[in-house]
Amino acid sequence: MDELMPPEAVVRLDDPQTGLRGFIVLHSTALGPAAGGCRLWRYADEASASEDAVRLAAGMTMKNALAGLPLGGGKAVLMLPDAPFSRTQLFEAFGRAVNALDGRYVTAEDVGTAVEDMALVAQHTPHVAGLPQQGGKPGGDPSPWTALGVIRAMEVAVRRRLGRSLSEVTVAVQGVGHVGMALCELLHAAGARLVIAEARSEVAARAATRFGADLVSSRAITTVPADVFAPCALGGVLNMATVPTLTAKVVCGAANNQLAMPEAAALLARRKVLYAPDYVVNAGGIINVAAEYLGWSQQSVSVRVDGIADRLSQVLDVAEGRGISPERAAALLARQEVVGGRPGCDKTALAA
Ligand code: NAD
């Protein structure tokens, strides 16, 4: 399994009445229903929206497989309408579209969508998670779980590459939205020094005050002196222009699709930068989403999110052992999971 494997299905959404326009991509259902969040974002045209959806859905196949979840990979990408629109009507229409897939796709939040949007979706389909939490069960905003998985992975990566703990490093965080802000809280509590870049200036200023962090521009965040670079904004930040200028020796963050092209992984490895593959380390949110959808306990979420540290260690062992990049190693392990077709992947069999 790798990103070049074509998706099983691409469903085009086009409802001029509500402004719903975009794509649901079912990349793989080999391990279970295709699960992955719904992104609402501004795209130049349908081609770029569908390209993004296919890439993100492929990433979900790898992420869900490596997190040991009984779920395949999918994603919804909705194009932010240019004209004024009713959010209620748009997400209700999206809920109907999800429902028409009869459980082959399970949705949740992603960039640009929130718990309230998923509550609207839930009026029209049961195949949605990331709903308001009820009675101590898994649910709600998955971002804090994503942040927790990232910091668990970062501890491993920093120990392995630098022989240090988080209290002894400077972390450059790009984007302090849902995940980035939660990650900064955890890093601050762990004693790390923070440098932050955030596109929304008031949010950036708030974070700087709260965490005693230095603020830099988005452009400068990859070059600012730091031990760790944590991309927590959008994808594509690791490319042939940024990688040569990185000062950090570890890259570990939440953003999906951090590598703009496969060559960037090889270049990171050549420069001896330890890259913790995004879809290995940012699985905490989907683990919480899966637990909500499949009826697992909150305790099982904690155990599985903590397990991201061991998974990353396994990926790095394979990379070292075979002399390949961590990205390649993670793809190999994911392929074994998907092609091997982990048995017993139905909802009831695995509810635990
Ligand atoms: P978000 O929209 O809440 O936060 C993104 C933040 O990045 C925003 O504050 C935005 O202003 C800022 N930003 C955008 N471009 C920037 C730039 N060039 N420089 C600096 N700041 C910039 O999104 P989120 O939910 O926190 O997700 C962040 C990333 O993590 C995304 O790539 C998402 O796909 C990925 N991810 C999120 C989750 C989750 O649980 N939310 C799970 C897995 C992966």
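Every chain is numbered independently, its residues counted from 1 as its sequence is written. Whole-chain, interface and lining totals are the exception, using all residues; otherwise, since this is a predicted model, local features are given only for residues with pLDDT of at least 70 and side-chain atom pairs are given and counted only at 80 or more. Where side-chain values are given, they derive from all heavy atoms of the structure, hydrogens and water being excluded.

Some words on the sheet that holds strand β11 (residues 250-251)
Our working definition: One bridge is not enough; two strands pair if DSSP finds at least two bridges between them. Here a helix means four or more residues in a row that DSSP labels H or I, a strand means two or more in a row labelled E, and each is numbered from the N terminus.
Taken in spatial order, the six strands line up as β9-β8-β7-β10-β11-β12 in an open sheet, and their pairing is parallel. Looking at which strands have only one partner, the edges of the open sheet turn out to be β9 (214-215) and β12 (274-275). Where β11 meets β12, two bridges bridge the pair, whose relative direction is parallel. In the strand pairing of β12, V251 is matched with Y275.

Some remarks on the site of the ligand
How we decide: The rule for a residue being near a molecule or strand is that one of its heavy atoms must lie within 4 Å of it. By the criterion applied in these results, polar contacts are pairs of N or O atoms within 3.5 Å in which, for protein atoms, one can donate a hydrogen and the other can accept it, and in which residues neighboring in sequence qualify only through two side-chain atoms. In this description, accessible areas are obtained by the Shrake-Rupley approach with a 1.4 Å probe, and a residue is regarded as covered only by the protein chains that are shown. Put plainly, a pocket is an open set of points on a 1 Å grid over the protein atoms alone with protein on both sides within 12 Å along at least five of seven lines, a cavity is a set where a 1.4 Å probe fits but cannot get out, and a lining residue has an atom within 4 Å of a point. For a molecule to be placed in a cavity or pocket, more than half of its atoms must lie within 2 Å of the grid points of that cavity or pocket.
Contacts to the ligand come from 24 residues, most closely from T146, H178, E198, S218 and A233. Residue A254 places a main-chain N or O atom 3.3 Å away from an oxygen atom belonging to the ligand. In this structure, an oxygen atom belonging to the ligand sits 2.8 Å away from a side-chain N or O atom of N256. Its free accessible area being 820 Å², the ligand has 85% of it covered by the protein chains. In this structure the site holding the ligand corresponds to the largest pocket.

Digging into the layout of surface pockets
How we decide: Grid points are joined across faces, edges and corners, and a volume is the space filled by probe spheres set on the points. Residue polarity follows a fixed list, in which Ala, Val, Leu, Ile, Met, Phe, Trp, Tyr, Cys and Pro are nonpolar, Asp, Glu, Lys and Arg are charged, and the others, Gly among them, are polar.
Empty space within the largest pocket amounts to approximately 1000 Å³. Every residue lining the largest pocket is counted, 41 residues in all, and those nearest its centre are D110, V111, V179, C232 and A233. At the level of secondary structure, the elements contributing two or more residues to the lining of the largest pocket comprise β4 (38-41), α1 (46-66), α4 (143-162), α5 (178-189) and α9 (284-294). In the lining of the largest pocket, the residues fall into 19 nonpolar, 14 polar and eight charged.

Quick look at the side chain of N64
Take N64: it is sitting in helix α1. A distance of 2.6 Å separates the side chain of N64 from the backbone oxygen of G72, its partner in a polar contact.

Details of the nonpolar core
Stated precisely, the cut-off is as follows: Think of a nonpolar core as a cluster: buried Ala, Val, Leu, Ile, Met, Phe, Trp, Tyr and Cys residues, connected wherever their side-chain atoms sit within 4.5 Å. A simple rule labels every residue: compare its accessible area, found with a 1.4 Å probe on the protein chains alone, to the largest value its type can have, and call it buried under 20%, exposed over 50%, or partly exposed in between. Contact definition: two residues touch when any of their heavy atoms are within 4.5 Å.
Ranked by internal contacts, the top residues of the largest apolar core, which has 71 residues, are M154, V171, V173, L183, L187 and L312. Top element by residues in this core is α4. It accounts for ten residues. Apart from residues no more than four positions distant in its own chain, V173 is found in contact with G180, C184, L187, L194, V195, I196, A197, I221, A230 and C232. L13, L26, A34 and L120 belong to the second largest nonpolar core, which has 23 residues in total.

A short note on unusual backbone geometry
With phi around 60°, D102 is a residue other than glycine that occupies positive phi space. With respect to the secondary-structure elements, D102 resides in the loop between α2 (87-100) and β6 (105-106). Among the residues examined, D102 registers a relative accessible area of 65% and is labelled exposed. Its identity is not glycine, yet K272 carries a phi of approximately 60°, on the positive side. Assignment of secondary structure puts K272 in the loop between α7 (262-270) and β12.

Considerations on the packing of helix α10 (residues 298-322) against helix α11 (residues 326-340)
Put simply, the test is: Lines fitted to C-alpha atoms define the axes here, with helix axes fitted over just the stretch in contact, and angles between the N-to-C directions of these axes take values from 0 to 180 degrees. For classification, angles of less than 35 degrees are called roughly parallel, those exceeding 145 degrees roughly antiparallel, those between 65 and 115 degrees roughly perpendicular, and all remaining angles oblique. Working rule for handedness: look at the near helix, and if it is turned counterclockwise from the far one by less than a right angle, call the crossing left-handed; if clockwise, right-handed.
Orientation of α10 relative to α11, taken along the N-to-C sense of each, is 110°, at an axis distance of 8 Å. One element, α10, and the other, α11, form an angle in the roughly perpendicular class. As α10 packs across α11, the resulting crossing turns out to be right-handed. Across the interface between the two elements, R311, Q314, V315, L316, V318, A319 and R322 of α10 pack against P326, A329, A330, L332, L333 and E337 of α11. Residue composition of the contact of α10 with α11, grouped by class: nine nonpolar, one polar and three charged.

Some remarks on the pattern of salt bridges
Threshold: We define a salt bridge as a contact between a side-chain nitrogen of Lys or Arg and a carboxyl oxygen of Asp or Glu at a distance within 4 Å.
One pass over the full model with this rule turns up 17 salt bridges. For D82, the salt bridge identified is with R42, shortest N-O distance 3.0 Å. Separated by 40 residues along the polypeptide, D82 in the loop between β5 (72-79) and α2 and R42 in the loop between β4 and α1 bring together distant segments of the chain. Here R160 and D317 are joined by a salt bridge, their closest N and O atoms 2.7 Å apart. Taken together, the positions of R160 in helix α4 and D317 in helix α10 put the pair 157 residues apart, joining distant regions of the chain. For R160, a relative accessible area of 31% puts it in the partly exposed group. Among the residues examined, D317 registers a relative accessible area of 45% and is labelled partly exposed. Connected through salt bridges with shared partners, the residues R12, D14, R21 and E46 form a single ionic network.

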